[in-house]
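Fold and contact review
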Amino acid sequence: MSNLLVGTFYGCYIVRPTDRLGIDEENPRDTYLGLVIEALGGTVIDYAGSHKCCGFPIITMNKKASLAQAGRHLGDAADADADCLVTPCPLCHLNLDLQQPLAERQIGRELNMPVLHLPQLVGLALGLDPKELGLHKHVVKPTAVIDWTTSVVAGVGAGAGDGGW
């Protein structure tokens, strides 16, 4: 994971409400994800949307607003040169990866930002097989995150250059 530029995506459920969760200087829960990424060897990239809502909670009520919200955060991470986003929230992962093609259309820009669920990043850092971690099921393939030339998946039934997908 050396030289991997990672945007943290806490989302809203992990860090709010700060007073009810007891987040303060002694308990900086809103920085823990960055600490884990750094411990795994990644470099945390700061960007505007890291602690904002991904838009999932409103997707059934206002899909356009939800997609615009997701697209804005993904775009902010891309503009900050992140190689990927990592989130501990399964709903954020779902909205930011699965809905990304629709978010791109909503905001009028290509994003192509891989989004990993935190256990997937930990698994990669531990050397687990990317396919076992479900990375082949992502809508936005995390090719920027995985060196497919040395990965087990790259050599299994894959043609050269297709990343093992």
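Look up: the structure comes first, before these words.
Quick look at the structure, then. Only a predicted model underlies this, so the values are computations on that prediction, with no experimental measurement involved.

Pairing in this open sheet of four strands is parallel, and the strands run β2-β1-β3-β4 from one edge to the other. One side of each edge strand has no neighbouring strand; the edge strands of this open sheet are β2 (43-45) and β4 (115-117). Shown here is a sheet whose adjacent strand axes are inclined to one another by a mean of 40°, direction ignored. Where strand β1 (residues 5-8) meets β2, three bridges bridge the pair, whose relative direction is parallel. Residue pairing across strands places Gly 7 opposite Ile 45, the latter belonging to β2.

Right, let's talk about the side chain of Ser 50 for a bit. In this structure, Ser 50 sits in the loop between β2 and α3 (63-79). Apart from the residues within four sequence positions on either side, Ser 50 is in contact with Thr 8, Phe 9, Tyr 10 and Gly 11.

So, on to the pattern of salt bridges. Under the criterion given, the structure shown has one salt bridge. Note that Arg 109 and Asp 79 form a salt bridge whose closest N and O atoms lie 2.6 Å from each other. Pair noted here: Arg 109 is in the loop between α5 (100-107) and β4 and Asp 79 is in helix α3, with a separation of 30 residues, a long-range link.

What counts and what doesn't
The numbers attached to residues start from 1 for each chain and follow its sequence in the written order. Selection of residues for local features in this predicted model requires a pLDDT of at least 70, selection of side-chain atom pairs for listing and counting requires 80 or more, and totals for whole chains, interfaces and linings are taken over all residues. Calculated side-chain values reflect all of the structure's heavy atoms, with hydrogen atoms and water omitted. Should DSSP find at least two bridges between two strands, the strands are taken to pair. Numbering of helices and strands runs from the N terminus; a helix is a DSSP stretch of H or I covering at least four residues, while a strand is a stretch of E covering at least two. The convention used is that axes are lines fitted to C-alpha atoms, helices contributing only their stretch in contact, and that angles between N-to-C directions extend from 0 to 180 degrees. Note on definitions: a residue-residue contact is assigned when non-hydrogen atoms from the two residues lie within 4.5 Å. The salt bridge criterion pairs a side-chain nitrogen of Lys or Arg with a carboxyl oxygen of Asp or Glu, the two atoms within 4 Å.

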